[in-house]
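Architecture and fold: a report
Chain by chain, the residues:
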Amino acid sequence: MEKAVLSYNGKQYELPVFNGTENEKAVDITNLRKDSGLITLDVGYQNTGSCQSAITFIDGEKGILRYRGIPIEVLAEKSTFVETAYLLIYGHLPNLSERRLFSQRLTENSMIHEDMLRFFDGFPPTGHPMAVLSTMVNALSVYYPGYFTDNFESDTFDLMAVRLISKIRTIAAYSYKHSIGEPFVYPRHDLMYCANFLNMMFNSPVKPYNVEIDMDRALNTLLILHADHEQNCSTSTVRLVGSSMANLYSSICAGICALWGPLHGGANQRVIEMLETIREDGFTIKQCISMAKDKESRFKLFGFGHRIYKNFDPRATILKKMCHEFVAKYNIHEPLIDIAMDLENAALADQFFIDKKLYPNVDFYSGLLYRMLGIPTNMFTVMFAIGRLPGWIAQWKEMHDSRPLKIGRPRQLYIGDNIRDFVPIEQR
Ligand code: CMC
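Reading the values: rules and limits
Residues numbered from 1 in each chain as written. Predicted model: local features only at pLDDT ≥ 70, side-chain atom pairs only at ≥ 80, totals over all residues. Heavy atoms only, no water. Helix = DSSP H or I, 4+ residues; strand = E, 2+ residues; numbered from the N terminus. Rg over C-alpha atoms; globule rule 2.2 N^0.38 Å. Buried < 20%, exposed > 50% of the residue type's maximum accessible area, 1.4 Å probe, protein only. Contact = heavy atoms within 4.5 Å. Areas by Shrake-Rupley, 256 points an atom, 1.4 Å probe, with all protein chains shown as cover. Salt bridge = Lys/Arg side-chain N within 4 Å of Asp/Glu carboxyl O. Expected span 1.5 Å × (residues − 1). Core = buried A, V, L, I, M, F, W, Y, C linked by side-chain atoms within 4.5 Å. Domains from an automatic or database assignment. Axes fitted to C-alpha atoms, helices over the stretch in contact; angles between N-to-C directions. Parallel < 35°, antiparallel > 145°, perpendicular 65-115°, else oblique. Left-handed = near helix turned anticlockwise from the far one by under 90°. Nonpolar A, V, L, I, M, F, W, Y, C, P; charged D, E, K, R; others polar. Pairing = 2+ DSSP bridges. Near = heavy atom within 4 Å. Polar contact = N/O pair within 3.5 Å; in protein donor to acceptor, adjacent residues only side chain to side chain. Phe/Tyr/Trp six-rings, centres within 6.5 Å; stacked < 30°, edge-to-face > 60°. Lys NZ or Arg CZ within 6 Å of the ring centre and 35° of its normal.

1. Considerations on the overall build of the chain
What the chain contains, in helices and strands, is 18 helices and six strands. For a compact globule of 428 residues, the expected C-alpha radius of gyration is about 22 Å, and the chain comes in at 23 Å, within 12% of that figure. For the chain, the spread of C-alpha atoms along the principal axes amounts to about 80 × 65 × 55 Å. Out of the 428 residues in the chain, the part that is buried amounts to 48%. Here the analysis covers contacts within the chain between residues at least 6 apart in sequence; of these, 71% occur between residues at least 24 apart. Total accessible area computed for the chain in this model is approximately 22200 Å², and 53% of it derives from carbon and sulfur atoms.

Right, dumping it as structure tokens:
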């Protein structure tokens with residue numbers, strides 16, 4: 001095994017170096033504190049590997065993203081969301097009978113307990129759908145108590161996984177129906193995953209809705225692109241919460257909350273709001289670029305930049321192409337697309353963005369596509385959560401499959417006061 005040597009205070013410490021299958025290298029510092037008294041400091045975990053994982057590979061410099069070894073471009077073109085979900089969770093593409101069984105179980109688990117429907121009455125119709133989603137997902141642990149299991153070959157885990165994947169879309173669609181005051185549309189056994197969701201969202205007794213094949217395909221692609229992204233903020237949250245042996249539903253609930261933030265999945269909502277502000281307030285592209293560069297300004301170029309991608313985000317490339325295909329095919333007049341294109345071109349030509357390697361990320365174009373599918377802006381991050389769910393489940397399972405299970409517990413460098421006297425209140 002290769003070793004790295006750390007020299008400190010006149011002593012040398014040998015640290016094992018691990019190799020990944022794509023020749024990435026990691027220094028193992030597990031025993032560093034025990035041996036040398038040192039911990040590592042890496043605010044924001046910018047250079048810290050928290051686990052070994054065989055699920056998703058990203059090369060941020062080359063713009064590569066693969067699930068279980070299969071390039072994202074291939075999955076986006078040839079797979080469905082359900083098949084990709086199976087691939088992520090179980091590590092291989094399902095054969096015909098595995099896929100049939102998985103789909104059948106998704107259908108059987110698509111309804112939510114009728115008593116849970118009353119929960120929606122407790123939420124104001126204006127409540128953010130991400131708050132509703134996280135609450136309802138955590139509440140699943142009350143209605144479907146299949147708590148922590150350490151036998152992941154068991155039916156219990158399979159059932160929890162399909163339950164979550166199927167019910168999350170019903171919960172999401174019901175939260176939309178509740179927000180617009182329309183009756184819930186129940187899931188149908190004869191529709192595939194995405195078509196079923198679109199039907200629950202947009203069908204109504206007074207305005208029947210037929211799921212168009214292009215819409216169904218576009219949604220499949222969007223959800224596939226969201227399905228996993230290795231150890232990002234929400235996935236690390238799911239792992240961290242799950243590492244305490246919290247149940248799957250609660251671990252996923254925590255992931256949904258982490259995803260909501262505008263620096264993470266919440267960026268897709270912010271992109272559209274930003275483009276709308278630019279249009280409504282009449283900002284020029286030049287003004288936007290200079291505001292985005294000015295740290296004092298409150299303007300942020302959402303949908304730009306990524307911790308890992310330093311060349312391009314392959315998901316954004318696929319979505320940009322899809323956006324243009326949609327506009328051309330359906331003759332859509334969407335002024336926000338023109339603003340987005342102008343903004344992207346101006347940023348990509350600007351030295352600030354070139355130097356900092358800032359490129360459009362998945363959220364720059366996903367919101368525009370969701371908008372074309374008729375999804376309301378405040379539900380964009382919910383769509384991201386539906387897509388990311390199989391990845392969260394796969395990562396949670398992988399963590400529990402690996403032995404020994406270690407509770408996640410980082411250290412810190414304390415910079416507060418040294419020991420102080422307690423001064424009674426009358427003497428302060
Ligand atoms: N507009 C202007 N400047 C930016 C941007 C941006 N969108 N993103 C990063 N920078 C600057 C940043 O100010 C910093 O400058 P300096 O080195 O002078 O301090 C430099 O680029 C590095 O940025 P950072 O914020 O330190 O990088 P990070 O890796 O900590 O953060 C990020 C990554 C995605 C949070 C950040 O790029 C950002 O805030 N982007 C906008 C929000 C967004 O689109 N988020 C969605 C990410 S993709 C979906 C997902 O997987 O979550």
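2. Thoughts on the pattern of salt bridges
One pass over the full model with this rule turns up 19 salt bridges. A salt bridge links Arg 315 to Asp 313; its shortest N-O distance comes to 2.8 Å. Classification of Asp 313 by relative accessible area gives buried; the value is 3%. A salt bridge links Asp 401 to Lys 397; its shortest N-O distance comes to 3.0 Å. Residue Asp 401 and its partner Lys 397 are located together in helix H18 (residues 380–401), separated by four residues, close to a single helical turn. You can call Asp 401 partly exposed: its relative accessible area is 39%. Looking at Lys 397, the relative accessible area reads 10%, which means it is buried. Here the residues in one salt-bridge network are Glu 276, Glu 334 and Arg 371, joined through shared partners.

3. Quick notes on helix H15 (residues 335–348)
Along its 14 residues, H15 runs 20 Å from first to last C-alpha, staying within 8% of the 20 Å computed at 1.5 Å per residue. By the burial criterion, the buried members of H15 are Leu 336, Ile 337, Ile 339, Ala 340, Met 341, Leu 343, Glu 344 and Ala 347. Among the structural elements, helix H12 (267–281), helix H13 (285–293), helix H14 (314–330), helix H16 (351–355) and helix H17 (362–372) are those in contact with the buried residues of H15.

4. Topic: the nonpolar core
The biggest cluster of nonpolar side chains holds 113 residues, and the ones touching the most others in it are Tyr 193, Phe 197, Ile 252, Met 274 and Ile 375. Examining the composition of this core, we find that twelve residues originate from one element, helix H7 (residues 155–180), more than from any other. The residues that make up this core include at least three from each of domain 2 (70–261 + 378–401) and domain 3 (267–372). If near-sequence neighbours (up to four positions away) are discounted, Ile 375 is found in contact with Phe 197, Met 201, Phe 202, Tyr 370, Phe 380 and Met 383.

5. Details of the packing of H7 against helix H8 (residues 193–202)
Contact geometry of H7 with H8 gives a least axis separation of 8 Å together with a crossing angle of 20 degrees. Looking at the two axes, H7 sits roughly parallel to H8. Viewed along their axes, H7 and H8 form a crossing whose handedness is right-handed. Across the interface between the two elements, Ile 165, Ser 166, Ile 168, Arg 169, Thr 170, Ala 172, Ala 173, Tyr 174, Tyr 176 and Lys 177 from H7 touch Tyr 193, Asn 196, Phe 197, Met 200, Met 201 and Phe 202 from H8. Residue composition of the contact of H7 with H8, by class: eleven nonpolar, three polar and two charged.

6. Describing the sheet that holds strand S2 (residues 11–19)
Strand order in the open sheet formed by three strands is S1-S2-S3, with antiparallel pairing between adjacent strands. Bordering the open sheet on either side are strand S1 (3–8) and strand S3 (25–27), each of which pairs with just one other strand. In this sheet, adjacent strand axes meet at a mean angle of 30 degrees when their direction is disregarded. Bridge analysis of S1 against S2 gives six bridges, and the strand direction is antiparallel. Its bridge partner lying in S2, Val 5 is registered against Glu 14.

7. A short note on the site of the ligand
In the vicinity of the ligand there are 20 residues, among which His 264, Lys 295, Leu 301, Gly 303 and Arg 307 approach most closely. Between the ligand and Leu 301 there is a distance of 2.7 Å, counted from a nitrogen atom to a backbone nitrogen or oxygen. In this structure, an oxygen atom belonging to the ligand sits 2.8 Å away from a main-chain N or O atom of Gly 303. Out of a free accessible area of 930 Å², the ligand has 74% covered by protein chains.

8. Describing unusual backbone geometry
The omega torsion across Arg 403 and Pro 404 is -5 degrees, close enough to zero to call that bond cis. Summarising the element assignment, Pro 404 is placed in the segment after H18. Notably, Tyr 45 is not glycine yet its phi reads approximately 50 degrees, a positive angle. Note on Tyr 45: relative accessible area 54%, which makes it exposed. Here the phi dihedral of Lys 357 falls at roughly 55 degrees; this positive angle occurs in a residue that is not glycine. Accessibility expressed as a relative area gives 41% for Lys 357, which makes it partly exposed.

9. Topic: the packing of helix H3 (residues 81–90) against helix H4 (residues 96–108)
In the contact formed by H3 and H4, the axes pass within 11 Å of each other and the chain directions differ by 105 degrees. Accordingly, the angle class assigned to the pair H3 and H4 is roughly perpendicular. Taken together, the residues of H4 that come into contact with H3 (itself represented by Val 82, Glu 83, Ala 85, Tyr 86 and Tyr 90) are Glu 98, Arg 99, Phe 102, Ser 103 and Leu 106. Of the residues contributing to the contact of H3 with H4, the split by class is six nonpolar, one polar and three charged.

10. Considerations on the packing of aromatic side chains
Following the criterion strictly, the structure yields 18 aromatic pairs and no others. On the numbers, 4.7 Å between centres and 45 degrees between planes, the contact of Tyr 86 with Tyr 90 is tilted. Highlighted residues: Tyr 86 and Tyr 90, both in helix H3, separated by four residues, approximately one helical turn. What makes Tyr 86 buried here is its relative accessible area of 9%. Overall, the relative accessible area of 25% leaves Tyr 90 in the partly exposed class. A ring pair is formed by Phe 364 and Tyr 365, whose centres lie 5.2 Å apart and whose planes are at 85 degrees; its orientation type is edge-to-face. The burial state of Phe 364 is the same as that of Tyr 365; both residues are buried. An aromatic cluster of three or more residues is present, and its members are Phe 304, Phe 352, Phe 353, Phe 364 and Tyr 365. Residue placement shows Arg 169 over the ring face of Tyr 193; its charged tip is 4.2 Å from the ring centre.

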